[in-house]
Amino acid sequence: MAATSKAGAVARCTVTVCRGCCCGTAKVPRLDHAAQLADLRASLAGVANVRPTGCLDACERANVIVIQPSAGGRRAGGRPVWLGLVNDPDAAADITAWVRAGGPGLADPPDILDLYTFTPSRRIRQALGN
């Protein structure tokens, strides 16, 4: 049974896509940034909340995507997963498959995502409320 919020909406994973000063700009060439965001939204419609945000202050790893667990995933021990250098469609497809399977705490990510995973600095985590 899926967890629901007070408003009755299913508590889903949240996929936060950085679109700040470096991510989502020409500073990361050869990637259709608008298409990446549109593809994530389309492929995760009804499964996860996909939201763009301003700079996540991990510019050296542009494009950055953070996968936050669903309520059930958090209860199962899942924590936000930071992915950097997400600059090709295959990486986005792997993220989509993982989130569709349940995401952090509920499903193991594809092994290839280990190449993208990083831990942001303590300063960044504190600024963003972990």
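These remarks concern the structure in this document. Per chain, residue numbering runs from 1 following the sequence as it is written. pLDDT decides what is reported in this predicted model: residues at 70 or higher carry local features, side-chain atom pairs at 80 or more are listed and counted, and totals for whole chains, interfaces and linings draw on all residues regardless. As a rule here, side-chain values cover all heavy atoms of the structure and leave hydrogens and water aside.

### Re the overall build of the chain
Link 1 in the chain: The way it works is that DSSP assigns letters per residue, a run of H or I at least four long becomes a helix, a run of E at least two long becomes a strand, and they are numbered from the N terminus. Helix and strand content of the chain: 4 helices and 5 strands.
Link 2 in the chain: Reading the chain from its N terminus to its C terminus gives the helix and strand order β-α-β-β-α-β-α-β-α.
Link 3 in the chain: Burial status across the chain gives 39% buried among its 130 residues.
Link 4 in the chain: Note on contacts: a residue pair is in contact if any heavy atoms of the two residues lie within 4.5 Å. Look at the contacts in the chain between residues 6 or more apart in sequence, and 66% of them connect residues 24 or more apart.
Link 5 in the chain: Note on areas: Shrake-Rupley, 1.4 Å probe, and residue coverage restricted to the protein chains presented here. Entry remark: accessible area of the chain is about 7,100 Å², with carbon and sulfur atoms responsible for 52%. Throughout, exposure labels follow a simple rule: accessible area from a 1.4 Å probe, protein chains only, divided by the maximum for the residue type, with under 20% read as buried, over 50% as exposed, and the rest as partly exposed.

### Let's talk about the sheet that holds strand 4 (residues 81-83)
Link 1 in the chain: When DSSP finds two or more bridges between two strands, those strands count as paired. The strand order across the open sheet built from 5 strands is 2-1-3-4-5, with neighbouring strands paired in mixed fashion. Two strands bound the open sheet, and with one partner strand each, they are strand 2 (48-53) and strand 5 (117-118).
Link 2 in the chain: Here strand 3 (residues 65-68) pairs with strand 4 via 3 bridges, running antiparallel. By the bridge assignment for strand 4, Ile-65 is matched with Leu-83.
Link 3 in the chain: Seen against the sheet, helix 3 (residues 89-101) touches strand 1 (13-18), strand 2, strand 3 and strand 4 and runs at an angle of roughly 10 degrees to strand 3. Note on method: axes are straight lines fitted to C-alpha atoms, helices fitted across the in-contact stretch only, with angles between N-to-C directions ranging 0 to 180 degrees.

### Quick look at the environment of Leu-40
Link 1 in the chain: In this structure, Leu-40 sits in helix 1 (residues 33-43).
Link 2 in the chain: Separated by 10 residues in the primary sequence, Leu-40 and Val-50 place their C-alpha atoms 7.1 Å from one another.
Link 3 in the chain: When near neighbours in sequence (up to four residues on either side) are disregarded, Leu-40 contacts Val-17, Val-50, Ile-65, Ala-92 and Thr-96.

### What about unusual backbone geometry?
Link 1 in the chain: Residues Ala-62 and Asn-63 are joined by a peptide bond in cis, for which omega reads 0 degrees.
Link 2 in the chain: Following the sequence through the fold, Asn-63 ends up in the loop between strand 2 and strand 3.
Link 3 in the chain: Even without a glycine there, the phi angle at Arg-30 is positive, about 65 degrees.
Link 4 in the chain: Take Arg-30: it is sitting in the loop between strand 1 and helix 1.

### Some details on the pairing of strand 1
Link 1 in the chain: With 6 of 6 residues buried, strand 1 lies mostly within the body of the structure.
Link 2 in the chain: With burial as the criterion, each face of strand 1 is covered, one bearing Cys-13, Val-15 and Val-17 and the other bearing Thr-14, Thr-16 and Cys-18.
Link 3 in the chain: Relative to strand 2, strand 1 runs parallel, the two sharing 6 bridges. For Thr-16, the partnering residue across the bridge sits in strand 2 and is Arg-51.
Link 4 in the chain: Crossover handedness for the path strand 1 to helix 1 to strand 2: right-handed.
Link 5 in the chain: Of the strand pairs in this sheet, strand 1 and strand 3 are connected by 4 bridges, and their pairing is antiparallel. Across the sheet, Val-15 pairs through a bridge with Ile-67, a residue of strand 3. Crossovers are marked right-handed if the path from the first strand over the helix to the second runs clockwise, as seen with the strands pointing away from the viewer.

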